[in-house]
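Summary of structural features
Next come the chains, spelled out residue by residue.
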Amino acid sequence: YVTNGSQVESLGQKIRREAEDVCRAMGVSCCFLNCAVRGIAKSDEAVNEKLAQQILTYKPDTLVTTFVLDDHDDHRRVNHLLMKALSRDDVKVALPKKTEVLWMQIYSTVLPNVVVDISEVEQEKRHLIGLWRSVSGQRDWEHYVMGLNAFNCRFIPRREKIYAEVFFVIPVAEFRLLCEAYFSNTNNGEI
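Summary of the structure given here. The structure presented is a predicted model; accordingly, all values stated were derived computationally and were not measured.

Under the counting rule described, the total for this entry stands at 12 salt bridges. Lysine 84 is the salt-bridge partner of glutamate 45, the closest N and O atoms lying 3.9 Å from each other. Taken together, the residues span a long stretch of sequence, with glutamate 45 in helix α2 (residues 45-58) and lysine 84 in helix α3 (residues 73-86) at a distance of 39 residues. Judged by relative accessible area, which is 54%, glutamate 45 ranks as exposed. With relative accessibility at 27%, the residue lysine 84 sits in the partly exposed group. In this structure, the salt-bridge partner of arginine 158 is aspartate 117, at a minimum N-O distance of 2.4 Å.

The following block contains the structure:
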C-alpha cells in the first residue's frame, strides 16, 4: 500500500487495519509505504528505497499496479515510483528475466491484452471489498468494482453471467520505457 489511507490520521489507521484484514483473508502479507493521500512525492528517496527493497526481497515475476493513464493522480504517481524502483541496477539484476507488469483497470479504460474470468470467485471478491468499510469516497465500491467486472464480460463471449478483470500486460523493460516516455512529456516531468 503506497498511501496511508486518509488525510485524517484516525481514519487512516482504521483503513490500514481493514487493509490488513483483507490481506490476512487472502493469505498474503502487506507493506505500507505511508505516503500522504494526494501527496505522493516523485522524489522521496526513502519511499523509493522502501519500494525497491520490497521488490528485492520478493523478486516477483508479476507486478500489478494501476494503469499509468488512470485519472487519479496518486495512481499515476505510483507508476512513477515503480518506474524509478525498476530502473535501479540492483533491481534489474535481481528480477526474473520474464517479469511482467499488469496494469489494472480502476477509473480509466484499459485496452486489455489479458482478460481473466473471475466468475468463480465473484462472491469472495465482493466479501473482500466489503471488508474495506472505511474507504473514503462517494461510491459504493463493491457496486462500482463488480459493475466494472460485469461490464468486462464483453470480452468473453458466453451467455451466462460473467465477471472479468482486464489487464494490459507488458514486460518490465517495456513498462520502464513507456513510463519514462510518459513522465518525460507531462508538464516538464510534473504529474
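With 13 residues, helix α7 (residues 172-184) should reach 18 Å at 1.5 Å per residue; the first-to-last C-alpha distance of 18 Å fits that figure. Regarding α7, the residues found buried are Val172, Phe175, Arg176, Cys179 and Phe183. Across the axial projection of α7, the buried residues extend over an arc of 95°, all falling on one side. Turned more than 90 degrees away from the buried face of α7 sit Leu177 and Ser184, all of them exposed.

Another aspect to go through is the packing of α3 against α7. It is the contact of α3 with α7, at a shortest axis distance of 9 Å, that shows an interaxial angle of 125°. One finds that α3 runs oblique with respect to α7. The handedness of the crossing between α3 and α7 is left-handed. Here α3 contributes Arg76, Asn79, His80, Leu82, Met83 and Leu86 to the contact with α7, which in turn contributes Val172, Phe175, Arg176, Cys179, Glu180, Tyr182 and Phe183. Class assignment of the residues belonging to the contact of α3 with α7 gives a composition of 8 nonpolar, 2 polar and 3 charged.

Reading guide: rules and limits
Along each chain, residue indices are assigned from 1 in the same order as the chain's sequence is written. In keeping with the model being predicted, local features are shown solely for residues with a pLDDT of at least 70 and side-chain atom pairs are shown and tallied solely at 80 or more, while totals for entire chains, interfaces and linings include all residues. The side-chain figures draw on all heavy atoms in the structure; neither hydrogens nor water molecules are used. We define a salt bridge as a side-chain nitrogen of Lys or Arg found within 4 Å of a carboxyl oxygen belonging to Asp or Glu. Only runs of H or I of at least four residues qualify as helices and only runs of E of at least two qualify as strands under DSSP, and these elements are numbered from the N terminus. Relative accessible area decides the class of each residue, using a 1.4 Å probe on protein chains only: under 20% of the type maximum gives buried, over 50% gives exposed, and in between gives partly exposed. Here, expected helix span is obtained from the residue count minus one, scaled by 1.5 Å. What the arc covers is the set of directions going from the helix axis to the C-beta atoms. Every axis in this analysis is a line fitted to C-alpha atoms, fitted for helices over the stretch in contact. Angles between the N-to-C directions lie between 0 and 180 degrees. Roughly parallel refers to an angle under 35 degrees, roughly antiparallel to one over 145, roughly perpendicular to one between 65 and 115, and oblique to any angle outside these ranges. The handedness criterion is simple: a crossing whose near helix is rotated anticlockwise from the far helix by less than a right angle is left-handed, and one whose near helix is rotated clockwise is right-handed. Pairs of residues are marked as contacts when any of their non-hydrogen atoms sit within 4.5 Å. Following the grouping adopted for this structure description, the nonpolar residues are Ala, Val, Leu, Ile, Met, Phe, Trp, Tyr, Cys and Pro, the charged ones are Asp, Glu, Lys and Arg, and the polar ones are all others, Gly among them.

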